[in-house]
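# Survey of secondary and tertiary structure
Each chain, letter by letter, is given below.
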Amino acid sequence: MKVTLERKNKDYLFEAKGASGNPVMIDNKTGDVVQGSSPMELLLMGVGGCSAIDIISILKKQKLEIDSYHVEVEGDRIEVGGAKPFNAMRVHVYLEGDIPPAKALRAAQLSFEKYCSVSITLQASVNVTYKVFLNGEEVE
């Protein structure tokens, strides 16, 4: 897997592209005009996107209809020297539809414990936790 980044201004704005050719704008959020996501925001988006694709795929294979899917990913950062890496992430998955609660929870478990390459890549240094909400109610 390979990505490229091309600087687009005199500051910190980059256009990143992977094999798909779809551009993603990356910027330093400390500037006056921010035109892209920060690299740390992209990590959170990666966890949310990876798990979303897994969960939707698992539920679709079971012929379950998802009316709405929304995910929120929040990260906690710590000071390590001059860097501020994440040490924890919390993912909240919000599903709407005629989905059995046990199947919604199982799909999330499979994603975070087996399939989501992004969260599994981070698991050695970041505590990634998740909650599933189905039709407005937390699934436990």
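Residues numbered from 1 in each chain as written. Predicted model: local features only at pLDDT ≥ 70, side-chain atom pairs only at ≥ 80, totals over all residues. Heavy atoms only, no water.

### As for the nonpolar core
The condition is simple: Within this scheme, the nonpolar core is defined by two criteria: the residues are buried Ala, Val, Leu, Ile, Met, Phe, Trp, Tyr or Cys, and they are joined through side-chain atoms within 4.5 Å. Relative accessibility under 20% of the residue-type maximum defines a buried residue, over 50% an exposed one, and the middle range a partly exposed one, all with a 1.4 Å probe and only protein chains included. Only DSSP runs of H or I with at least four residues qualify as helices, and only runs of E with at least two residues qualify as strands; both kinds are numbered from the N terminus onward.
Leu59, Met89, Leu95, Ile99 and Val132 are the most contacted members of the largest nonpolar core, which totals 24 residues. Elements represented by at least two residues in this core include exactly helix 1 (39-61), strand 5 (86-96), helix 2 (101-115) and strand 6 (127-134). Top contributing element to this core by residue count: helix 2, with 6 residues.

### Points about the packing of aromatic side chains
Put simply, the test is: What counts as a ring pair is set by centres within 6.5 Å for rings of Phe, Tyr and Trp (its six-membered ring), and what kind of pair is set by the plane angle: stacked under 30 degrees, edge-to-face over 60, tilted for all other angles. We call a charge positioned over a ring when the NZ of a Lys or the CZ of an Arg lies within 6 Å of the ring centre and within 35 degrees of the ring normal.
Applying the stated criterion across every chain yields a total of 2 aromatic pairs. Consider the rings of Tyr94 and Phe133, whose centres lie 4.8 Å apart with planes at 15 degrees: the pair is stacked. One end of the pair, Tyr94, is in strand 5; the other, Phe133, is in strand 6, with 39 residues separating them in the sequence. Judged by centre distance (4.7 Å) and plane angle (10 degrees), the rings of Phe112 and Tyr130 are stacked. Residue Phe112 is located in helix 2, and its partner Tyr130 is located in strand 6; the two are separated by 18 residues in the primary sequence. By relative accessible area, Phe112 is classed as buried at 8%. For Tyr130, a relative accessible area of 22% translates into the label partly exposed. Here the basic side chain of Arg77 rests over the ring of Phe86, its NZ or CZ set 5.8 Å away from the ring centre.

### Describing the domain arrangement of the chain
Rules: The domain limits used here are those given by an automatic or database domain assignment. Contacts were defined at the residue level, with two residues in contact if any of their heavy atoms lie within 4.5 Å. Take the accessible area each of two parts loses on contact, using a 1.4 Å probe, and add the two losses: that sum is the buried area. Take a side-chain nitrogen of Lys or Arg and a carboxyl oxygen of Asp or Glu: if they are within 4 Å of each other, that pair is a salt bridge. As used in this structure description, the phrase polar contact means that two N or O atoms lie within 3.5 Å; if the pair is within protein, one of them must be able to donate a hydrogen and the other to accept it, and residues adjacent in sequence are counted only when both atoms belong to side chains. Three categories are distinguished: nonpolar for Ala, Val, Leu, Ile, Met, Phe, Trp, Tyr, Cys and Pro, charged for Asp, Glu, Lys and Arg, and polar for the others, with Gly belonging to the last.
When the domains of the chain are assigned, the result is domain 1 (1-37) and domain 2 (39-139). A C-alpha centroid distance of 24 Å is found between domain 1 and domain 2. Contacts between the two partners involve 4 residues from domain 1, matched on the other side by 4 residues from domain 2. Summed over both partners, the interface of domain 1 with domain 2 buries about 370 Å², with 69% contributed by carbon and sulfur atoms. A per-residue breakdown of the area domain 1 buries against domain 2 is headed by Ile26, Lys29 and Ser37, which together make up 84% of the total. There are 0 salt bridges connecting domain 1 and domain 2. Put simply, domain 1 and domain 2 have 0 residue pairs in polar contact (both at pLDDT 80 or more) between them. Residues of the side of domain 1 that touches domain 2, tallied by class, amount to 2 nonpolar, 1 polar and 1 charged.

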